[in-house]
Every structure is written in structure tokens, then in C-alpha cells.
Protein chains: 2
Amino acid sequence: MYTELPATLVAELSLLLGTDGWRTDSTALDANAQDNSWRRQVPLAVALPCNREQVQAIVQACRAHRVALVARGAGTGTTGAAVPLQGSIVLSLARMNQILSIRPGDRCAVVEPGLLNGDLQQALAPHGLFWPPDPSSADICSIGGNLACNAGGPRAVKYGTSRDNVLGLVAVTGTGDLIRCGGAYTKDATGYDLTHLLVGSEGTLAIIVEATLKLTPVAVAQAGLRVLYRDADAAAQAVSRVMGQPVVPTRLEFMDARSLQLLRLNGADVPDAGAMLLIEADGDHDTLPYLLQGLANAAEGEGMLALDVAMEGAAREKLWAARKALSPALRSIAPGKINEDVVVPVSRIPALVSGVQALAAEFDLTIVTFGHAGNGNLHVNILYHPDDADENARAQAALPRIFALTLALEGTLSGEHGIGLAKRDFMAQAFTPETLMAMRAIKSALDPDGILNPGKVLPPR
Amino acid sequence: MYTELPATLVAELSLLLGTDGWRTDSTALDANAQDNSWRRQVPLAVALPCNREQVQAIVQACRAHRVALVARGAGTGTTGAAVPLQGSIVLSLARMNQILSIRPGDRCAVVEPGLLNGDLQQALAPHGLFWPPDPSSADICSIGGNLACNAGGPRAVKYGTSRDNVLGLVAVTGTGDLIRCGGAYTKDATGYDLTHLLVGSEGTLAIIVEATLKLTPVAVAQAGLRVLYRDADAAAQAVSRVMGQPVVPTRLEFMDARSLQLLRLNGADVPDAGAMLLIEADGDHDTLPYLLQGLANAAEGEGMLALDVAMEGAAREKLWAARKALSPALRSIAPGKINEDVVVPVSRIPALVSGVQALAAEFDLTIVTFGHAGNGNLHVNILYHPDDADENARAQAALPRIFALTLALEGTLSGEHGIGLAKRDFMAQAFTPETLMAMRAIKSALDPDGILNPGKVLPPR
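Reading the values: the criteria
Residues numbered from 1 in each chain as written. Chains lettered and ligands numbered in written order. Predicted model: local features only at pLDDT ≥ 70, side-chain atom pairs only at ≥ 80, totals over all residues. Heavy atoms only, no water. Axes fitted to C-alpha atoms, helices over the stretch in contact; angles between N-to-C directions. Helix = DSSP H or I, 4+ residues; strand = E, 2+ residues; numbered from the N terminus. Parallel < 35°, antiparallel > 145°, perpendicular 65-115°, else oblique. Left-handed = near helix turned anticlockwise from the far one by under 90°. Contact = heavy atoms within 4.5 Å. Nonpolar A, V, L, I, M, F, W, Y, C, P; charged D, E, K, R; others polar. Salt bridge = Lys/Arg side-chain N within 4 Å of Asp/Glu carboxyl O. Buried < 20%, exposed > 50% of the residue type's maximum accessible area, 1.4 Å probe, protein only. Pairing = 2+ DSSP bridges. Buried area = accessible area lost by both parts, 1.4 Å probe. Least-squares fit on C-alpha atoms with pLDDT ≥ 70 in both.

Novice: What is the right way to look at the packing of helix H8 (residues 232-243) of chain B against helix H10 (residues 288-299) of chain B in this model?
Specialist: All names here are of chain B. Packing of H8 against H10 brings their axes to within 8 Å, and their N-to-C directions diverge by 140°. Considered as vectors, H8 and H10 are oriented oblique to each other. Judged by the sense of rotation from one axis to the other, the crossing of H8 with H10 is right-handed. The residues of H10 that touch H8, namely those facing Ala238, Arg241 and Val242, are Leu295, Ala298 and Ala299. Broken down by class, the residue content of the contact of H8 with H10 amounts to five nonpolar, no polar and one charged.

Next comes the structure, spelled out in C-alpha cells:
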């Protein structure tokens, strides 16, 4: 591990990238030291390439010197995947942020990785198209970061995650080679599927330098239902019913009783209930009422307290504002938050929710559960005061129990945040040794010297 | 390369598998020697394991002796992917054909690879669910084969291919290790995506022993449009318009003028036209008319001659019977047929169709083009008489030009058939040397001794 970069490497890269592209000043180092996990490690330098050839040259130079290289988008990830280990160079894709083409006839766009998700959506709007992944950071996160972490969001239940919405990639592997896979087409049985392999690999296999994204036409009308239930179990049963009938909702969000309490404490106009579902559909003005009726029929059942239809406009905005207010509300209750994004089969949501509440009681912690129920992807938020050493210790002790519960329910560690550093050490519980060995073999195949984002995704041997 | 298997290997595997599971009689060898590509090579033995432990033991034994092992489903593939090279053992999954569970609440089924696609659909029907991949061989092809080749079919335009409809796999790699990835959930950002990597790898990376399949609720109503156009270009423009609006058709099939002529020659009731689209939608009885209207609006335009609505029942059956009659009709015109399944961006379909017709003129061949236009996936059928040496030679000479045309239009070699032996030698035109090198590295990572289906997918070095 380097504490200082080799002089020949510095000379080569500073010449290649110029003063704007090779930064070692504290402003640049600080700005690239952490992500939204609040983990922090200052890199030795920040490289800001302008094109794929520069990315190749940087990788090749780092490979020659065995220097760790951490690809970075906008730094909004929550797992530390973009936080360097000691002795690393950060490769920021901030300057590779162009839309290379929008092809409405092929329902795709070709973009550079540093482009912000929000900027892409703005550019697509005049074409009546959108790119489905909608993490809560959509305005400020990058497409490359979305792909690297397989970002999702509420719309994934109908439109899929980042992995489901990419058709092709150009990337630089750990050998410095440029590879190209997939393209502007939606069906492909030609060779190994490198495209989907790279999505979610968090910059550990290759650095994405271009992506062909699958676009979807914007539906002309949306509408939502707000459904209150006696308890979490009744709401979870309704989720199973909704997902078992033909109308796929565009969003299907679950909030437990504590989520609703927190919303009310913060002044939101939400009635008292054991749990709530927000269920949304899209279509056109003719079909939407029928779709909504299908969803409402499925939402109704044992334990339902009330169902409100919020059609387009202000009522719908208000409904979603309540959901979006939840994350800030958590921060106002407790300054410390461990936000996990576990996934279970939809039929196991009731067991997950009740299991989490049992852990909250056992560890005397406030745990708030809400999220993307249609995908079985729930955000389990352990709230605590970092200054309270005892509560802090209980929060840290509860976390592995939540993962163990999830895995016992045949679920998995992450639905949309990724692994990074935060969940890396739980990978050995999630996968058999043989499966991890296969993942390591693939890592070695594409990054034989282990220079790309070392220490992330896979646990130390 | 073995011309006879090592006696110790034979002793080990015949003891392991018994007389029903270790077959060297000519009936078994002949039955496992070819696929629907009509390529043929008799294996040295056929192993028929009953469970994953036996698959592991077979792979480990073959690895110890460096014997090539070819996984085989139902042998309906068209590329020779399941045809052994000389000196191989075929591992038939015919006896591993059980449905392990159907989980309607989780919209998934867990199955063994030898299960036939048609048998799965029958078992799902009472639950109101289906598995989307619908190759024309659906009744008699296996799920494992569908996954190995990333099979598609007409429904893929709305519901995706095999790769889009698998949630998890259990597989045995070339090291004999059992790996498990994914599961009964629809969102996953946990480690490397081995699941989608194995789909389409044609048994060259691992042998699938269990699959968790994503299921879709059956829509209550379907209806179709038959639209005639002046020429292929007008029809192809309509395809772009249809795919550019929000209603996604469940099937969008294109037939060129020669396809229609062939249908008429065989007595089908199809009017004279330059090209035809069959466009289908599904939904419920309330919404379907609106969906169909949206598709009809998009289908209308310059060069459209006639549009007929065929609602449910007999009219719809008749419409699809015409489409299904096409492949047999081809065989009646000429005994030789090279059936490719190239893919281009939807906007390039007009250029593909006119380019193919130019090649037909240049090589004085009958080439019939039809297929899954919504995915840009067209079946280009070169018809010839194998006994006519000159015509045969012209057919073989036209083939690489069709691939070159496809690649020049930013397309790719295969949309749903795979590569196998048939298109292996064109891979070096489809991918850069660096990309092929990355694929080879992944092959070596999961099958270090190269025993799994050698000689397929990747071209010889």
C-alpha cells in the first residue's frame, strides 16, 4: 500500500490529464473522500479523465504501479463503495457527463457515466421518454453510479432496476482493455452477457465509460391509492394480493406503524393505522380508472381500514410528499441511522416486518421499516444516538441479526444500495464458499492485479 | 481427444449412475447426437443424472480425466450448441425434470432444467400464471435449454426473453462446484450477477441444475391487428412508430412480401401486399379496446393498405395460424434452409430488409424475412437445394454477408437462437479482440480445464 504515489506515475498522469484533470489539492481530495455512508478516507490524488482513452491510460498506469483505483460518480451511494481505501487514486467521472445520443426510434440513449440521472430525465422529457431507475437521489446521482450499484427506486416494481434498463456498455477492465458489449437492441443471445455482469459490480470489474440505456415512454396519466391497514401483517398480505393479479403497479410502497407515527410527529396529515400502502398505476385517461380498480380490489381484504383514491394533481403530490418526508423525519428523531435495504420474497414480508419488530424489542431500539414492497425490498432503519455508547452498541449488535433474519427468510442483503464496505463482511453469510469462489474467479479474470476498487463487494479472504 | 473413454472413468460413472443413467448403447448415443441444426456427432456415452450431486460427480470425474462434457436439454436448438464434438460425453438433463415448487404469492416457480417449457405452462395455468419465453418449440423444448440459449419468441417484445425471466440459479461449474445465485425475489444488488451471466452461455460456464423462474399473470383478454403495407419499408416505419408509443404490444411480427407469397402458394388466405404486421395486445375486457386503438393509431401511416381487427376467438387463431404456417411452408419450397435470427436496432429494420433483398438479388437466392420486429429480431431464411452444388455455394457465400450487413447496422448475430457451432466463427466480427479476451477469461475462471461444452460460443484462437 502506498502512502505516497510513485513519482513516475504522478509525472505520467499529470502530463496526461493536465492541471484540471490531475488534482492533489485538499479541496479536490476532500470532495472525493466520502459518500453518503459517511465513511471517509482521503485519496492520494483525484484523476478526472475527459474520455475513454484517458481512462484506459489511467488504468494501465495504475496497473503498472499496482496502485488502487476507485471509480466515482456523484458520491451519493450509501455503502462506501466509492470511498477509497488508504493509498488509492479516485477516478472521478464527473467530466465525462455528456449525452452522446438520444434515439427515440430505438427507445434508447447513449450516455457517458458522469451524466446525472436528473439531467438525463430532463433531456428525455421532450421526447416523451424516461429512464426508469429513480433512487431518492435521482436529481444528483450519476448514471454510472446507478449502474455500478444497480440502483432502483419505487418505480422498479413495474419498470425494473438499473440492470433491467441497460442494453449495452463500453468499459475499461482492470487490464486497461476497452470492451464493448450489447448495443441499441433489446434482444441478445450473442456470447457471454458482460453487460449485466458489470451492472452492480461497483467498479470492481471494469470502469463503465459509455452506456446504452433502455428508455420507456412516459404514460400520460398516473393515479394513486392510499390504503390503511390494521397492522403490518394485513398490509403485507395485501402486497401479496396486489402482486398476484395482472395489473402491475408503478409503485407499491409500504410504511409500518412507526413510519406513520414519525410522519404525524412531524406534522404530516396521516391517520392513525397499523400500516399504510401507497399504490400507484399509470396508463392513459381511458384505461387508468380500470387499472386503479384492479389494484383497489386487490388491496381490499382482511384488516383494511380505509382506501382513498388520489387522482392526478394536488392530491397525488400530497400523497407522495408524505412518503418523501419520511427519510428527513428519521433524521429529526435520532441523529444516527443504519439504513439497510434488504430483500425477501414478497410472501415473506409479514415475517420480515414482525421479525424486525421483535428485534427492536429485544435490543430496545427504534426500528422503522418502509419501502418498495412490490419487490420485497424494505428499508429497515435502525435509529440511535451515536453519542449514547450503549444504544450505539445495541444498534451495531442488531444489524447482523437483521441480515440473519433476512437470509433465513430466503432473502438477500441488498436490493438497490449494493454492498460496498458496509455489507461486505456479511457476504459469507449470503453465499456459499463455492459461490464466493466463483465471484472471486471472475474478479481475477477481469482485474487480475486487483487494482479496481479493492476491498469492496467481496469479503477479505 | 479421446476415441475411447478411460476405463476408470467408465467404471466410476457406470457405478454412480446405474444402467439407466449410464448409456453407451447405440439407441441412446444416436438420440443424443444431434439437434435441430442437423449437425451430428455421436458421443462416447450419455450420462443421465437424477440429481445435482450426480451432476457434480460427473463433472468432477470428467475434469479429472479431461473429458469434454456437453449438457443437453431436449435437443431443439438450431445452432449445434448441444451437438458434441468428437470424444465427448453428453450429460442429458432429461431425468431432472421436476417442478420443485410453484409459488404464486412470489410469482415464481422453482424447477429442474429438464422440465419441458410446455409442461411448465400447463402446470402454471391453474394459477393464472405463465412463464413468458415462447420459442416455436415451446411444447417440446426444456427450460434448461431455454436458459442456456437465452430463448425468446414473439412474446419477448412485451415480456422479455429467458434472461429477463429468471430470478435465480443453482449450477455446477467446470470445477464441479455447486454455486447458488439469486432467489425468489425480483430486486438484487448483492454481489456479482452470476445468474444472468449463465443464461445464454450454452453450458460452457456451468451446468444449470435448478432455476427460479419469474412468472407473469395471464391477461384475461387478447386481441390482434393484421396490417398490410405497400412495401417492407412502410411496414418497418410502422414498427418504429408502434415501439415509440406507450402501449407495448405483446407480439409484433413482420412478414415480407416473399413470406406472404409463400403463404398464398400454400393456400393461406392472405391478401397481396408488400409486407404485413401482426400486432397483438393483452389486457382486460375493459382496457383492451383502448390498447388496440393506440396500436392501430401507431400502425396507420404512409404506405398502409389495410388494417383488420381480429378480436378474440376464431379470427385471432386464424391470424396466428398464418404466422405459424410460415416455417413449414419454407420447407415445402426448398429443402435447404439457413435460418438466422439477427438483431438490429428497430430504426434499422428498413435498411436490414432492403439490404437482405439486395443480397438475394446479388446471389440469385430466395431469402424470406419475417420475425419479431418489435425487438428488431428478424429471421432471415436463405432457401436452397442442397443437391444443387452451385446454389448451395451461393447460399453459403451469402451468409457471411448477412452477418456483415447486420453488424454494419449496429446489430448483433443472434437474438434468441444463440451461437453454438453455427455462428461461432463470426464472433470475431461481432466483438473486438479485447471483448473476446474478456469472455475467454470468464470461461477460464469458471471452467479452468475447458471441459464444459468445448468449441462452442467462442471461436478457436
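Still more ground to cover, so stick around.
Novice: Help me understand the pattern of salt bridges in this model?
Specialist: Close approach of charged atoms allows side chains of opposite charge to pair. Within the structure shown, the criterion is met by 50 salt bridges over all chains. For Arg103 of chain A, the salt bridge identified is with Asp106 of chain A, shortest N-O distance 2.9 Å. Pair check on accessibility: Arg103 of chain A and Asp106 of chain A agree, each one buried. The salt bridge involving Lys443 of chain B is made with Asp447 of chain B; its shortest N-O contact spans 2.7 Å. With respect to class, Lys443 of chain B is no different from Asp447 of chain B; both count as buried. Three or more residues are tied together by salt bridges with common partners; here these are Arg103 and Asp106 of chain A together with Arg348 and Glu410 of chain B.

Novice: Quick question: what am I supposed to make of the sheet that holds strand S12 (residues 221-229) of chain B here?
Specialist: Pairing between sheet strands relies on hydrogen bonds along the backbone, with the strands arranged either parallel or antiparallel. Residue and element names in this part refer to chain B. With antiparallel pairing, the seven strands of this open sheet are ordered in space as S15-S12-S14-S13-S17-S18-S16. Among the strands making up the open sheet, the edge pair consists of strand S15 (304-310) and strand S16 (336-340). Ignoring which end each strand starts from, the neighbouring axes of this sheet average 15° apart. Seen against the sheet, helix H14 (residues 389-408) touches S16, strand S17 (366-372) and strand S18 (377-384) and runs at an angle of roughly 160° to S18.

Novice: Can you help me understand the interface of chain A and chain B in this one?
Specialist: Counting residues at the interface gives 79 residues for chain A and 79 residues for chain B. A per-residue breakdown of the area chain A buries against chain B is headed by Lys187, Thr190 and Tyr192 of chain A, which together make up 16% of the total. Remark: the boundary between chain A and chain B carries six salt bridges. For Arg163 of chain B, the salt bridge identified is with Asp193 of chain A, shortest N-O distance 3.0 Å.

Novice: Any chance you could explain the environment of Ala64 of chain B here in plain terms?
Specialist: All names here are of chain B. Within the secondary structure, Ala64 sits in helix H3 (residues 52-65). By relative accessible area, Ala64 is classed as exposed at 61%. Distance in space between the C-alpha atoms of Ala64 and Leu436 is 27 Å, their sequence separation being 372 residues.

Novice: Please clarify how the sheet that holds strand S1 (residues 22-23) of chain B should be interpreted in this entry.
Specialist: Within the open sheet, the four strands sit side by side as S1-S2-S4-S3 (chain B). Their pairing is mixed. Single-partner strands in this sheet number two, and they are S1 and strand S3 (68-72) of chain B.

Novice: Please clarify how the pairing of S16 of chain B should be interpreted in this entry.
Specialist: The two faces of a sheet get side chains in turn, since along a regular strand they alternate between them. All names here are of chain B. Burial analysis of S16 places four of its five residues in the buried class, which makes it a mostly covered element. Relative to S18, S16 is paired through five bridges, and the arrangement is antiparallel. Bridge assignment links Ile338 to a residue of S18, and that residue is Ile382.

Novice: Hey, could you run me through the relation of the copies chain A and chain B in this one?
Specialist: The relation between the two chain copies is a rotation about an axis coupled with a shift along that axis. It takes a turn of 180° to lay chain A on chain B, together with a shift of 0.0 Å along the axis; the resulting RMSD is 0.0 Å. Both copies are brought into coincidence by an operation consistent with a two-fold rotation axis. In terms of C-alpha distance to the rotation axis, chain A has Thr287 of chain A as its closest residue, with the C-alpha 2.7 Å off the axis. Mapped onto chain B, 100% of the interface residues of chain A are again interface residues, and the two copies thus contact each other with one and the same surface.

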